[in-house]
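A look at the structure
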Amino acid sequence: MAIRLGQPMIQRLRAAGVAERSSVSDSAEVAKMYAESNKPDTPTMGGVFWVASVMFSTLLLADPTELIVLNGAVLLVGMGVIGFLDDFIKWKRDRGRDGLSRTAKMIPSLLLAVYTTSMLWMMGEQTGRPEIGTLYFPFLKDLSASWVDLGLLGFAIFVAFESFIVLACSHAVNVTDGLDGLAAGSALPAFAVLAFALIAVDTPTLAEYWHLPHIQGAGEVGVMAGAALGATTGFLWFNTHPAHIFLGDSGSLPMGALLGYFAIVSKQELALPLLALVFVVEVSSSFLQIAGFKITRLITGRGRRLLPVAPIHHYFQRTIPEQQLVVRFWLVGAIGSMLGLLSMKLR
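Basis of the calculations
- Residues numbered from 1 in each chain as written.
- Predicted model: local features only at pLDDT ≥ 70, side-chain atom pairs only at ≥ 80, totals over all residues.
- Heavy atoms only, no water.
- Helix = DSSP H or I, 4+ residues; strand = E, 2+ residues; numbered from the N terminus.
- Rg over C-alpha atoms; globule rule 2.2 N^0.38 Å.
- Contact = heavy atoms within 4.5 Å.
- Core = buried A, V, L, I, M, F, W, Y, C linked by side-chain atoms within 4.5 Å.
- Buried < 20%, exposed > 50% of the residue type's maximum accessible area, 1.4 Å probe, protein only.
- Polar contact = N/O pair within 3.5 Å; in protein donor to acceptor, adjacent residues only side chain to side chain.
- 1 Å grid on protein atoms, 1.4 Å probe; cavity = no way out; pocket = protein on both sides within 12 Å on 5 of 7 lines; lining within 4 Å.
- Points joined across faces, edges and corners; volume = space filled by probe spheres on them.
- Nonpolar A, V, L, I, M, F, W, Y, C, P; charged D, E, K, R; others polar.
- Phe/Tyr/Trp six-rings, centres within 6.5 Å; stacked < 30°, edge-to-face > 60°.
- Axes fitted to C-alpha atoms, helices over the stretch in contact; angles between N-to-C directions.
- Parallel < 35°, antiparallel > 145°, perpendicular 65-115°, else oblique.
- Left-handed = near helix turned anticlockwise from the far one by under 90°.

Looking at the overall build of the protein
In terms of helices and strands, the protein carries 14 helices and 2 strands. Compactness check: the protein gives a C-alpha radius of gyration of 20 Å against a globular reference of 20 Å for 347 residues, within 12% of the reference. When its C-alpha atoms are laid out on the principal axes, the protein stretches across 55 × 55 × 35 Å. Summarising the internal contacts of the protein: among those between residues at least 6 apart in sequence, 76% fall at separations of at least 24.

A short note on the nonpolar core
Counting residues in hydrophobic clusters, the biggest one holds 80 residues, and the most contacted among them are Trp-50, Phe-191, Leu-258 and Phe-262. Top contributing element to this core by residue count: helix α7 (residues 182–201), with 13 residues. Setting aside residues up to four positions removed in sequence, Trp-50 forms contacts with Leu-76, Phe-191, Ala-228, Ala-231, Thr-232, Phe-235, Gly-251, Pro-254, Met-255 and Leu-258. Counting 8 residues, the second-largest nonpolar core is a separate cluster that includes Leu-182, Val-278, Ile-312 and Ile-320.

Here we look at the side chain of Asp-180
By the secondary structure assignment, Asp-180 is in the loop between α6 (152–176) and α7. Among the residues examined, Asp-180 registers a relative accessible area of 4% and is labelled buried. There is a polar contact of 3.1 Å between the side chain of Asp-180 and the backbone nitrogen of Ala-243.

A few points about empty space enclosed by the protein
The final tally for this structure, using the stated rule, is 1 cavity of 30 Å³ or more. Computed from the structure, the largest cavity encloses a volume of approximately 40 Å³. Surrounding the largest cavity, Thr-58, Leu-59, Ala-62, Asp-63, Pro-64, Val-69, Leu-70 and Ala-73 form its lining. Sorting the residues of the lining of the largest cavity by element identifies α3 (47–61) and α4 (67–92) as the ones contributing at least two each. Looking at the lining of the largest cavity, the element that brings in the most residues is α4, giving 3 residues. Considered class by class, the residues forming the lining of the largest cavity number 6 nonpolar, 1 polar and 1 charged.

Considering the packing of aromatic side chains
Evaluated as defined, the whole model comprises 11 aromatic pairs. A ring pair is formed by Trp-121 and Phe-155, whose centres lie 5.8 Å apart and whose planes are at 70°; its orientation type is edge-to-face. Of the two residues, Trp-121 sits in helix α5 (residues 102–126) while Phe-155 sits in helix α6, which places them 34 residues apart along the sequence. Judged by its relative accessible area of 6%, Trp-121 is buried. Seen in terms of ring centroids, Phe-196 and Trp-210 are 5.0 Å apart; in terms of plane orientation they differ by 65°. Their pairing is edge-to-face. One end of the pair, Phe-196, is in helix α7; the other, Trp-210, is in the loop between α8 (204–209) and α9 (218–239), and 14 residues separate them in sequence.

Concerning the packing of α7 against helix α14 (residues 322–345)
A pair of packed helices is characterised by two quantities: the angle between their axes and the separation of those axes. Between α7 and α14, the shortest axis-to-axis distance is 8 Å and the interhelical angle comes to 15°. Of the possible angle classes, the one that applies to α7 and α14 is roughly parallel. Where α7 crosses over α14, the two elements pack in a sense that is right-handed. Of the residues in α14, those touching α7 at Leu-182, Gly-185, Ser-186, Pro-189, Ala-190, Val-193, Phe-196 and Ala-197 are Val-326, Phe-329, Trp-330, Gly-333, Ala-334, Ser-337, Met-338, Leu-341 and Met-344. Counted by class, the contact of α7 with α14 contains 13 nonpolar, 4 polar and no charged residues.

Looking at unusual backbone geometry
For the bond from His-241 to Pro-242, the omega torsion is -5°, close enough to zero to count as cis. In this structure, Pro-242 sits in the loop between α9 and α10 (249–265). The residue Met-45 is not glycine, and still its phi comes out positive at about 65°. When its relative accessible area of 4% is taken as the criterion, Met-45 is described as buried. Even without a glycine there, the phi angle at His-211 is positive, about 60°. With respect to the secondary-structure elements, His-211 resides in the loop between α8 and α9.

Any link to function would need more than the numbers given here.
Take a look at the structure:
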């Protein structure tokens, strides 16, 4: 589906002048690297056809009456709309960098995450699936923490923790989307493992063998994960070097949000740092760069950066060719996903 939508979408975006302006950056070094990579005319907003592909395949193949699927669809479309507005405003403004403000982007994203996680909690309570409100620990077979028995406090903890996961994943993919194929290629192994996990927790024999909770209906979300896997593969067809299109916020925000959502439904929240290893490293490097600068400025009056440039793919981009760097990150992501899969078996 993504491959069929991709080419006409790329042509329309190019004709409309919806080009990536990556050379506009807060870092002169990063701006120089992008300027030298000859990408100023590459269209962005590729997330539009990625989201459309996931939605179409989900509606076609998944059970539309399963509330957990509908909840995921709300998250997908909602994050896609927020990202699209950000991309659209960037396109309309001359500088090409100033989209929605951080507040204008964060508040609706937070409200959407709180809504979807709150709905998950209520679905677990009202449909006899208390496992949805339980936290399971990787590697430790019999250890779990159920928030259901804590009542309103448990609800608040669940919503806060799971909303953080959705938002953190969404931001992490957004930060990673900086090189040809980097974000999409790194997401593929994570989507594959989470699709398996979702099907496994909905299949009693597999759940028992893998020591996973049994969550009826999660397999339908597994269909959605399969749709995301297929759409990401189709998008990567056009996004590999030299990229014909970029995800933009309209794709990176919903892609990350779905990674978090699939982990929550399959109860792999604590395995997610392995499953999404590249994204964790990327967003951590960005966070440490910002935090380190603010802390040193507070202490010494002059901010100092921990790395010359961040996120970390820009640091390596200075000395490693882009194609080689991206493939190496893909390999790291695949290894992390395999370790995450191993953690499920060892529970």
